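Fold and contact review
Take a look at the letters that make up each chain.
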Amino acid sequence: MASIKQVQVTFDCADPERVARFWCEVLGYVVPPPPEGFASWADYDRSLPPDRQGASFACVDPSGAGPRLYFQRVPEGKVVKNRVHLDVRVGTGLVGEERLAVLEAECARLVALGAVRERLLLADDENESCIGMQDVEGNEFCLD
């Protein structure tokens, strides 16, 4: 049986480039180079049929360690809570006030980029504190 070496996380969205660029800022990801023969992604996009222009965008971890994120335009808007979400691990190993301070600082940075803060979940007997948030199109994620 073959083992899986990589995964890609795919987001359905209305504006793939906007959402991809938001996640580039959140995670320190980059936009990969355009396909061979194109000076930019905009040039590549213009080469597509009109109905495919702006239909997708991607970003990658420059270190190669994290998954590729792929964003695809869909006609329907987001209606219900995500069944899968990303946990952005900014407070790993921290507890108490130190963890809260790091979470709040990152939350403020992401809100300035267009994210929405939903709620602070304080530590309990099983979990450390985290902040529930939404990206620029309402997809839920956690600052953990």
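Look a little higher up for the structure.
This write-up is about the structure you can find in this document. (Residues numbered from 1 in each chain as written. Predicted model: local features only at pLDDT ≥ 70, side-chain atom pairs only at ≥ 80, totals over all residues. Heavy atoms only, no water.)

Let us look at the overall build of the protein. Of regular secondary structure, the protein possesses three helices and seven strands. Mapped from its N terminus to its C terminus, the protein presents α and β elements in the order β-α-α-β-β-β-α-β-β-β. C-alpha extents for the protein along the principal axes are approximately 55 × 35 × 30 Å. Taken across its 144 residues, the protein has 31% of its residues classed as buried. (Helix = DSSP H or I, 4+ residues; strand = E, 2+ residues; numbered from the N terminus. Buried < 20%, exposed > 50% of the residue type's maximum accessible area, 1.4 Å probe, protein only.)

Right, let's get into the packing of aromatic side chains. Under the definition given, this model contains eight aromatic pairs. Each ring, one from F11 and one from W23, has its centre 5.8 Å from the other, and the planes form 40 degrees; the classification is tilted. Taken as a pair, F11 in strand 1 (residues 8–13) and W23 in helix 1 (residues 16–27) lie far apart in primary sequence, twelve residues in all. Summarising the burial analysis for this pair, F11 and W23 share the class buried. A ring pair is formed by W23 and F141, whose centres lie 4.9 Å apart and whose planes are at 70 degrees; its orientation type is edge-to-face. Taken together, the positions of W23 in helix 1 and F141 in strand 7 (residues 140–143) put the pair 118 residues apart, joining distant regions of the chain. Judged by relative accessible area, F141 falls into the buried class, the value being 1%. Among the aromatic residues, those joined into a cluster by ring pairs are F11, F22, W23, F71 and F141. (Phe/Tyr/Trp six-rings, centres within 6.5 Å; stacked < 30°, edge-to-face > 60°.)

Spatial strand order, 4-7-6-5: four strands in an open sheet with mixed pairing. Looking at the sheet topology across the chains shown, the edges are occupied by strand 4 (86–88) and strand 5 (116–121). Averaged over all adjacent pairs, the angle separating strand axes in this sheet is 25 degrees, with direction ignored. Across the face of the sheet, helix 3 (residues 96–112) comes into contact with strand 5, strand 6 (130–134) and strand 7 while running at roughly 10 degrees to strand 6. (Pairing = 2+ DSSP bridges. Axes fitted to C-alpha atoms, helices over the stretch in contact; angles between N-to-C directions. Contact = heavy atoms within 4.5 Å.)

Given a rise of 1.5 Å per residue, 17 residues ought to cover 24 Å, and the 25 Å separating the end C-alpha atoms of helix 3 matches this to within 8%. Listing the buried residues of helix 3 in full gives R99, L100, L103, E106, C107 and L110. Projection of helix 3 onto a plane perpendicular to its axis shows the buried side chains occupying an angular sector of 135 degrees, all on one side. Of the exposed residues in helix 3, the ones pointing more than 90 degrees away from its buried face are E97, E98 and A112. In the core, the buried residues of helix 3 are packed alongside helix 1, strand 5, strand 6 and strand 7. G114 occupies a position one or two residues after helix 3 and carries a positive phi of about 115 degrees. (Expected span 1.5 Å × (residues − 1). Arc of directions from axis to C-beta.)

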